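# Descriptive structure summary
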Amino acid sequence: MKSSVLFLGSVLLASSMFAVSDADLLKEAKNSGLIALPSDQKQVDAMLKEIGVKPNVYTEAKAELGKKLYFEPRLSKSGIISCNTCHNLGLGGTDGVAAAVGHKWTANPHHLNSPTVYNSVLNTTQFWDGRAMTLVDQAKGPIEAEPEMATPAKLAVERIASLPEYVAEFKKVYGNEGVTFDNIADSIAAFERTLLTPSKFDKFLKGDTKALNKAEKAGLKLFIDKGCVSCHTGVNLGGTMQAFEVAGKYQFANIGDFKGDANGMVKTPTLRNVTETAPYFHNGAIWSLEEAVKTMGSVQLGIEISDAEAASIVTFLNSLTGTMPKVTYPMFPRSTSATPKPEL
């Protein structure tokens, strides 16, 4: 009975709210700051410069090296954890658990949820507290963090530099600089730049007003009218630092001790592929996307979002699920007698 009521409510919303023309809705979306994904790396560079983030130099050879290192478990002290462990490209770029688990099965000490790596290059800031601006800086943190990969920079370099195939690739990409911790992070970031997921919503933003169906357009209109777009805006519909608990208290705030940056600001999660990245919020306390939408209404906007309205907004959010890039799992160089042994 409840599902039929929700369906009827969604139909009524779609018919009542979609009074605006396709052209007007497109204009309204653009005026709200919503931007289509870039289609190539030159456009990525231009967009990063526009939002005030310094891009790292991209080449295909660097990205290919970075792909290997993204999946390389020997960058962890144990030899069994990689970037892909917490940012699994087959799981929406996340790990599907409330709080990340790292070295020696250590849960994140602040009970923080792993954000998606897809499209993350276009965030204006990285980490929940915004302590890094670029993917290069971000890539270094988890490698060295004791509860994550637990590998000091010196050990990471020793591991990679002990493998002749990697040494040759680093020389090809970085010349005489060779294997350094900075270059390890830089190459991983170059690979992560390629993890863009264009969706039907991007087609809509580029002028194809038929790319979204009526229900998705009604959800978009509601998303704008309710004020969701005030924080979930820009190319990633998020990815910027915003105040949290603006209008009310988050009911699961006691899970973990995270309070944001020094000013209480929190990085707004991207809504791209959000249907694939449960659980939600910084501490992964909510598993239902509809519940997350209703919670954001009360906590951030000070409004009540009905079940039917939440269902309509989620219908729009489904249109943000994009085409994932094809990534072939790499074959790694074999360890040598000089390779530091795993430390479990």
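Residues numbered from 1 in each chain as written. Predicted model: local features only at pLDDT ≥ 70, side-chain atom pairs only at ≥ 80, totals over all residues. Heavy atoms only, no water.

Labelled according to an unreviewed UniProt entry, the chain appears under the name Periplasmic diheme cytochrome c peroxidase, originating from Campylobacter iguaniorum. The heading Subcellular location (unreviewed entry) in the UniProt record of the chain holds the text "Periplasm". (UniProt positions renumbered as here; feature names shortened; annotations may be inferred.)

What follows deals with the domain arrangement of the chain. By domain assignment, the chain separates into domain 1 (22-37 + 197-318) and domain 2 (45-193). Averaged C-alpha coordinates put domain 1 and domain 2 at centres separated by 27 Å. Counting from both sides, the interface comprises 32 residues of domain 1 and, opposite them, 26 residues of domain 2. Buried surface at the junction of domain 1 and domain 2, both sides included, amounts to about 2,100 Å², of which 60% is carbon and sulfur. Counting across the domain 1 and domain 2 interface gives zero salt bridges. (Domains from an automatic or database assignment. Contact = heavy atoms within 4.5 Å. Buried area = accessible area lost by both parts, 1.4 Å probe. Salt bridge = Lys/Arg side-chain N within 4 Å of Asp/Glu carboxyl O.)

Between helix α11 (residues 214-225) and helix α13 (residues 307-318), the shortest axis-to-axis distance is 7 Å and the interhelical angle comes to 110 degrees. Relative to α13, α11 is oriented roughly perpendicular. Where α11 crosses over α13, the two elements pack in a sense that is left-handed. Seen from α11, the contacting residues are Ala215, Glu216, Ala218, Gly219, Leu220, Leu222 and Phe223; seen from α13, they are Glu309, Ser312, Ile313, Thr315, Phe316 and Leu317. Looking at the contact of α11 with α13, its residues break down into eight nonpolar, three polar and two charged. (Axes fitted to C-alpha atoms, helices over the stretch in contact; angles between N-to-C directions. Helix = DSSP H or I, 4+ residues; strand = E, 2+ residues; numbered from the N terminus. Parallel < 35°, antiparallel > 145°, perpendicular 65-115°, else oblique. Left-handed = near helix turned anticlockwise from the far one by under 90°. Nonpolar A, V, L, I, M, F, W, Y, C, P; charged D, E, K, R; others polar.)

Attention now goes to the environment of Gly90. By secondary structure assignment, the location of Gly90 is in the loop between α5 (83-86) and α6 (135-144). Between the C-alpha atoms of Gly90 and Glu276, which are 186 residues apart in sequence, the distance is 9.9 Å.

Looking now at the UniProt feature "binding site: heme c 1" (unreviewed entry) in the chain. In the numbering used here, UniProt assigns the "binding site: heme c 1" (unreviewed entry) feature to Cys83, Cys86, His87 and His103. Here His87 lies in the loop between α5 and α6. His87 sits in the buried class, given a relative accessible area of 18%. Setting aside its immediate chain neighbours within four residues, His87 contacts Tyr70, Gly93, Thr94, Ser114, Pro115 and Val117. Turning to its location among the elements, His103 is positioned in the loop between α5 and α6. Judged by its relative accessible area of 3%, His103 is buried. Here His103 is in contact with Lys77, Ser78, Ile81, Glu146, Pro147, Glu148, Ala150, Glu343 and Leu344, once residues within four sequence places are set aside. (Buried < 20%, exposed > 50% of the residue type's maximum accessible area, 1.4 Å probe, protein only.)

Within the fold, Asn283 resides in the loop between β2 (265-267) and α12 (289-301). Engagement of the side chain of Asn283 in a polar contact is seen with the backbone oxygen of Phe252, the distance being 2.9 Å. A polar contact of 3.1 Å, which involves the side chain of Asn283, links it to the backbone oxygen of Ile255. Residue contacts for Asn283: discarding those within four places in its chain leaves Ala98, His111, Asn113, Tyr250, Phe252 and Ile255. (Polar contact = N/O pair within 3.5 Å; in protein donor to acceptor, adjacent residues only side chain to side chain.)

Right, let's talk about the pattern of salt bridges for a bit. Throughout the structure, instances matching the rule amount to 17 salt bridges. Between Glu64 and Lys67 there is a salt bridge; the shortest N-O distance is 3.4 Å. Taken together, the residues Glu64 and Lys67, both in helix α4 (residues 60-71) and three residues apart, mark about one turn of the helix. Among the residues examined, Glu64 registers a relative accessible area of 38% and is labelled partly exposed. One salt bridge in this structure joins Glu169 and Lys68, with 2.6 Å as the shortest N-O distance.

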